[in-house]
Amino acid sequence: MNTMASAAAVAATTTGAPDKMVIGYPALSNHVAAGYPAPGTAYPYAVPPPSSYPQAYRTVGPRHSRSQPSFLCRLIAAATVLFAILGLLFLITWLVLKPRLPVFRVDSVSASPLNTTRSQLTAAWNITLVVRNPNTKLSIYYDRVQASVFYKDGSLISTMPLPPFFQPKRNETRVRFQLGVVGQYVGEYVATEISDERAGGSVGFGVRVLAWMRFRTRSWWRTSQCLLRVYCDRIQIGVDPSKASRSLTSQPGSCEYVDRRI
């Protein structure tokens, strides 16, 4: 009976209490709690672009500037064009002026005396050298000139410097000089050869000329200094029996360039 009374009291308490509304937030599902939107709703952020797999392993180094290769290419191109223009101007000037080398020849040679001993030589050569400038637009400056006399086998006997000179266009200049030796040692073989040739009526010598020269116009154009090597080989000097002094004379001889550096 007590049990029934207790149950009736509880029932009376529950039914008699007013209804209460409980306000709260809905329970979040695992999908929403993980940061994803609820099903049926739009994604609130923009979708990132797809990336390739090795992006996480890509190394980023310093970027090279493209201005350096471009500047170098422009510099090389400008230098090439400049050299091409200068070369073309030089070629045109050369073709217009048409530089020609001077012409050398031995006009006369005399030698007195011409005495030989066992290995020595005593002689004096008087030489007249003719130099002609064949250019019609260019003058020639001879800054240094050196003349030498040698025997037929190339044995140098005597050498001396000559004074510098100037040649206008279409000019012919005569250069006179004297070379001499007294008791010059030439060797027994050379002394014997010269003595034998003199007994036969003529002796052959050679004349060598080294000339440091340059071309120039009246105004602005000129070349750098160049070296000419001129050889007047085998100039036969014959004994003149009509002269008591036993002087030797020679016919004019032409010369040729063995080496020229222009």
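Residues numbered from 1 in each chain as written. Predicted model: local features only at pLDDT ≥ 70, side-chain atom pairs only at ≥ 80, totals over all residues. Heavy atoms only, no water.

> Just checking my understanding: could you explain the pairing of strand S7 (residues 202-216) for this structure?
Successive side chains on a regular strand alternate, one facing one side of the sheet and the next facing the other. Here S7 lies mainly inside the structure; twelve of its 15 residues are buried. With twelve bridges joining them, strand S3 (residues 139-151) and S7 adopt antiparallel strand pairing. From the neighbouring strand, Val-145 faces S7, where its bridge partner is Ala-211. When S7 meets strand S8 (residues 226-239), the two strands line up antiparallel, connected through eleven bridges. Bridge pairing in S8 places Met-213 opposite Cys-226. (Buried < 20%, exposed > 50% of the residue type's maximum accessible area, 1.4 Å probe, protein only. Helix = DSSP H or I, 4+ residues; strand = E, 2+ residues; numbered from the N terminus. Pairing = 2+ DSSP bridges.)

> What should I look at first to understand the pattern of salt bridges in this one?
Between side chains of opposite charge, pairing is possible as soon as their charged atoms come close. All chains considered together, the criterion is met by three salt bridges. Of the charged contacts, one joins Glu-172 and Arg-105 as a salt bridge, the two residues approaching to 3.8 Å between their closest N and O atoms. One end of the pair, Glu-172, is in strand S6 (residues 172-185); the other, Arg-105, is in strand S1 (residues 103-116), and 67 residues separate them in sequence. Using a relative accessible area of 30% as the deciding quantity, one classes Arg-105 as partly exposed. A salt bridge links Asp-107 to Arg-174; its shortest N-O distance comes to 2.9 Å. Taken as a pair, Asp-107 in strand S1 and Arg-174 in strand S6 lie far apart in primary sequence, 67 residues in all. Look at Asp-107 and you get partly exposed, because its relative accessible area is 23%. With relative accessibility at 40%, the residue Arg-174 sits in the partly exposed group. (Salt bridge = Lys/Arg side-chain N within 4 Å of Asp/Glu carboxyl O.)

> Would you explain unusual backbone geometry in this entry?
With the exception of glycine, most residues fall at negative phi, and the peptide bonds are largely trans. Ser-112 connects to Pro-113 through a cis peptide bond whose omega is -5°. Of note, Pro-113 is situated in strand S1. A positive phi angle, close to 55°, is found at Arg-170, a residue other than glycine. Mapped onto the secondary structure, Arg-170 falls in the loop between strand S5 (165-167) and S6.

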